[in-house]
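Secondary and tertiary structure notes
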Amino acid sequence: MERERERERLLHAFQAKHSYKQHKKDNMNLPSPLGHENAKLIYIHKNWFLKSFRVYFFVFWCFGNWLQDFSTMADVQLHILDDQVVMDNGILELTLTNPGGAIIGIRYNGIDNLLELHNPQLNGGFWDLNWAQPENQGTRGKFDVLNGTSFKVILENEEQVEVSFRRTWNTPLQGEHAPLNIDKRFIMLRGSSGFYSYAIYEHQKNMPAFNLYETRIAFMLKIDKFHYMAIADNRQRYMPSPEDRLPGRGQELAYPEAVLLVNPVEPEFKGEVDDKYQYSTENKDNGVHGWICFDPPVGFWQICPSTEFRTGGPTKQDLTSHVNPTTLAMFVSAHYGGEDLALRFDPGEQWKKVFGPVFIYLNCVSDKNKALSLWEDAKEQLKVEVQSWPYTFPESKDFPKPNQRGTVTGRLLVQDRYVSKDQIPANKAYVGLGPLGKPGSWQKESKGYQFWAIADEEGNFHIQNIHAKEYNLYAWVPGFIGDYQYDDSINITAGCNIDLGDLVFKPPRDGPTLWAIGIPDRSAAEFYFPDPNPKYINKLYVNHPDRFRQYGLWERYTDLYPDGDLIFKVGVSDYAKDWFYAHVSRKLGDSTYRATTWQIKFKLENVRQGRTYKLRLALASATRAELEVRINDAGANPQFSSGLIGTDNAIAYYGVHGLCYLFSVEVPSDLFLEGGNIIFLTQAETTSPFHGVMYDYIRLEGPSRP
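Presented here is an overview of the structure given in this document. Worth saying up front: this structure is predicted, and the values here are computed from it rather than measured. (Residues numbered from 1 in each chain as written. Predicted model: local features only at pLDDT ≥ 70, side-chain atom pairs only at ≥ 80, totals over all residues. Heavy atoms only, no water.)

Points about the pairing of strand E18 (residues 288-294)
For a regular strand, side-chain orientation follows a simple rule: the groups alternate between the two sheet faces. Of all seven residues in E18, six are buried; the element is thus mostly enclosed. Judged from the four bridges that link them, strand E12 (residues 226-232) and E18 form a sheet pairing that is antiparallel. Pairing of Ala-230 across the sheet is with Gly-290, part of E18. Bridge analysis of E18 against strand E19 (residues 297-303) gives seven bridges, and the strand direction is antiparallel. The residue of E19 that forms the bridge with His-289 is Gln-302. What sits between the antiparallel neighbours E18 and E19 is a turn of two residues. (Buried < 20%, exposed > 50% of the residue type's maximum accessible area, 1.4 Å probe, protein only. Helix = DSSP H or I, 4+ residues; strand = E, 2+ residues; numbered from the N terminus. Pairing = 2+ DSSP bridges.)

What to know about the packing of aromatic side chains
Throughout the structure, instances matching the rule amount to 55 aromatic pairs. A ring pair is formed by Tyr-336 and Tyr-653, whose centres lie 6.2 Å apart and whose planes are at 70°; its orientation type is edge-to-face. Here Tyr-336 is found in the loop between strand E22 (326-332) and strand E23 (343-345), whereas its partner Tyr-653 is found in the loop between strand E43 (645-647) and strand E44 (661-668), with 317 residues between them in sequence. The exposure class of Tyr-336 is buried, given its relative accessible area of 2%. Taken together, a centroid distance of 5.5 Å and an interplanar angle of 80° make the contact between Phe-568 and Trp-579 edge-to-face. With Phe-568 in strand E35 (residues 567-569) and Trp-579 in the loop between helix H8 (575-578) and strand E36 (583-584), this pair connects stretches of sequence that are eleven residues apart. Taken as a pair, Phe-568 and Trp-579 share a single burial class, namely buried. Taken together, the aromatic side chains of Trp-127, Tyr-196, Tyr-201, Phe-309, Phe-331, Phe-355, Phe-359, Tyr-361, Trp-389, Tyr-391, Phe-393 and Phe-399 make up a single cluster linked through ring pairs. In this arrangement the basic side chain of Arg-405 is found over the ring face of Phe-399, its NZ or CZ atom lying 5.2 Å from the centre. Here Lys-447 stacks its cationic end above the ring of Phe-345, 4.8 Å away from the centre of that ring. (Phe/Tyr/Trp six-rings, centres within 6.5 Å; stacked < 30°, edge-to-face > 60°. Lys NZ or Arg CZ within 6 Å of the ring centre and 35° of its normal.)

With respect to the nonpolar core
One finds Ile-106, Tyr-201, Trp-301, Leu-412, Phe-461 and Leu-473 to be the most contacted residues of the largest nonpolar core, which totals 109 residues. It is strand E24 (residues 351-364) that provides the largest number of residues to this core, a total of eight residues. Here Phe-461 is in contact with Val-408, Thr-409, Gly-410, Arg-411, Leu-412, Val-431, Ala-455, Leu-473, Leu-500 and Leu-503, once residues within four sequence places are set aside. Judged by nonpolar contacts, the second largest core, of 68 residues, contains Tyr-653, Val-667, Ile-679 and Met-694. (Core = buried A, V, L, I, M, F, W, Y, C linked by side-chain atoms within 4.5 Å. Contact = heavy atoms within 4.5 Å.)

Considerations on helix H6 (residues 373-387)
In this model, H6 (15 residues) spans 22 Å end to end at C-alpha, consistent with the 21 Å of a helix rising 1.5 Å per residue. Considered for burial, the residues of H6 that qualify are Leu-374, Trp-375, Asp-377, Ala-378, Lys-379, Gln-381, Leu-382, Val-384 and Glu-385. (Expected span 1.5 Å × (residues − 1).)

A closer look at the sheet that holds strand E16 (residues 273-274)
Taken in spatial order, the three strands make up an open sheet running E14-E15-E16, and their pairing is antiparallel. Each edge of the open sheet carries a strand with a single partner, namely strand E14 (250-252) and E16. Both strand E15 (residues 259-261) and E16 contribute to a ladder of two bridges, which runs antiparallel. Counterpart to Val-259 in the pairing with E16 is Asp-274.

Structural notes on the side chain of Asn-113
With respect to the element layout, Asn-113 can be found in the loop between strand E4 (103-108) and strand E5 (125-132). Looking at Asn-113, the relative accessible area reads 14%, which means it is buried. Those residues within four positions of Asn-113 in sequence are excluded, and the remaining contacts are Ile-104, Gly-105, Ile-106 and Lys-222.

Quick look at the pattern of salt bridges
In total, this model carries 39 salt bridges according to the counting rule given. A salt bridge links Arg-237 to Glu-272, with the nearest nitrogen and oxygen atoms 2.9 Å apart. Taken together, the residues span a long stretch of sequence, with Arg-237 in strand E13 (residues 235-238) and Glu-272 in the loop between E15 and E16 at a distance of 35 residues. Exposure remark for Arg-237: the relative accessible area of 10% places this residue in the buried category. Look at Glu-272 and you get buried, because its relative accessible area is 3%. Here Arg-405 ties to Glu-308 by a salt bridge, and the two come within 2.9 Å at their closest N and O atoms. (Salt bridge = Lys/Arg side-chain N within 4 Å of Asp/Glu carboxyl O.)

Focus: the side chain of Glu-526
With respect to the helices, strands and loops of the structure, Glu-526 is situated in the loop between strand E34 (513-518) and helix H7 (556-560). Although Glu-526 is buried, it forms no salt bridge, and the closest oppositely charged side chain is Arg-522 at an N-O distance of 12 Å. From its side chain, Glu-526 meets the backbone nitrogen of Ile-519 in a polar contact 2.7 Å long. Look past the residues within four positions of Glu-526 in its chain and what remains in contact with it is Gly-518, Ile-519, Asp-521, Tyr-575, Ala-576 and Asp-696. (Lys, Arg positive; Asp, Glu negative; His and termini not counted. Polar contact = N/O pair within 3.5 Å; in protein donor to acceptor, adjacent residues only side chain to side chain.)

A short note on the sheet that holds E35
Read from one edge to the other, the open sheet built from five strands follows the order E35-E39-E45-E41-E42, with strand pairing classed as mixed. The sheet terminates laterally at E35 and strand E42 (640-641), the two strands that pair on one side only. One ladder, built from nine bridges, connects strand E39 (residues 596-604) with strand E45 (residues 675-683); its direction is antiparallel. Following the sheet pairing, Lys-601 is matched in E45 by Ile-678.

Purely geometric stuff here, so don't read any function into it on its own.
And the structure:
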């Protein structure tokens, strides 16, 4: 076991440095391949070694282990065949189609192929995208598997191989393929237990308009090998088989992705719901996930060391791994954002973006009883990759090297005189650089790069590895509503280190807080999530902090409020127990729903006549919803209507948030009464159980003070 740990330590060192020369330099003083202590032992006990068979065996065993470790330092080999390209570094062998660049083989640790090649539809590993013509409605388009039409060796030496599979668009392909030039790259390094992949997408002057909804790299793993999935310390489990989702074994629920397992192959899964969206996570937490095989003990992990190329900012949610077994690296998607996150290209619009590199990491242990330790090792490898970012080895000039990037630092403070007379350090603020826009536009931004940091308890932030370009600086602060944007744009140049000093965020505020519901953190997590219907359970989330990831919670509203809608009494009710997490419609029967009106009851002892009050409505999600506000008269015309907003579908997809909204409603004093008052909140859309909003925070402010 000690030898295995040492071997893994060496591999981690190789991967952290990505340089065989550095490895030789580090080890040039070793007097023996067995190391200092073993060499000394051999010297002192020389005669005893010669006379003892046990010692001979020991020496032979050590030498054999050293040879095995040395094999991990084998030259990277590239074999080009008529229809295949094979990359081999002595640890793993990667096989791709030629010139398509589809991944059809990964040989590792005695397993001939980690990939499944016998699925009815999707097999092996591949890049793909979903696109549509500009007039398309919604986010469902055509899937386009990105098969290359030409192959090129970018770099080939003993330390590294990088290959390219390129597809160039031209007019005869219009309507058949997305109008993009695609360059897929694969990299293998000496001594590295895995491989890297990235792609360069380009839209040129001669290309027509189109919408891009999704792009990713996907891996379909061996069905008979990989049964255990891990995406976080507290989100890992044995998974059902893809057969369990088929008719006869599985029953489709409200949408195709959600399936009730009624007759699974393994009885332990009977009565559970399987849905890939139950395993989504935020970009900032989506660093490593994958699968474990127990015979032999092998891990397959997708490691993403940076979020800079992903869309929607650090808190956007997306898919990870799920039943098939499947592992995804999502770069663009409409998940938890809807149409607002689509990339919409005008005719002739010039655009280029590098997605990745991501690292496909493979690991193993000899003891089957320690197979789950592969997850811990994968987390350590994520740290290695993050520390190595940005990588120095990708050959594309479109991927900026470390010396071509810049840094921005500063300190963010919050000024809210109704909270404190002093400026407040923006503890745990999200501070980032993104394409030029308006406050909050970063959450819908998809075409450019974004670079984010979390401020420390003093509000200090340090944003590094920023591409050379012009940006806006954006921020939001947990505990306060609204978005911050620095007044001036920031021009990043190679090697720059810009210190912005102290920045002051003045969140939206007109007057003192009369009452508030929730916590302003862009999430509905603090509100009441009911127990799921016992018929629709995912055992992973029983007694789990993420209780919102159970199927069908939206339907429980009608169960909990059979005779009337939610009533919240300020000063009496507890939002953690009495505020349902989602404002949805009421189910009356099959496919029949009715608008729901929630009431907030509160008292005002003194109404300041002639003055204006302000109702702040911060939403954590909206899906084809229309939110109406009335004051003290449920039958009056709305004081405010949001209009039809949102397509993030977070209610259906177990997302405790989607895209965020902030509405500020002016309320004239003559609408309020001294004594008891009621604010009526109506969700008026009734065509689907998933149409509704999730609140983040609601606050009533009194008139401003001098």
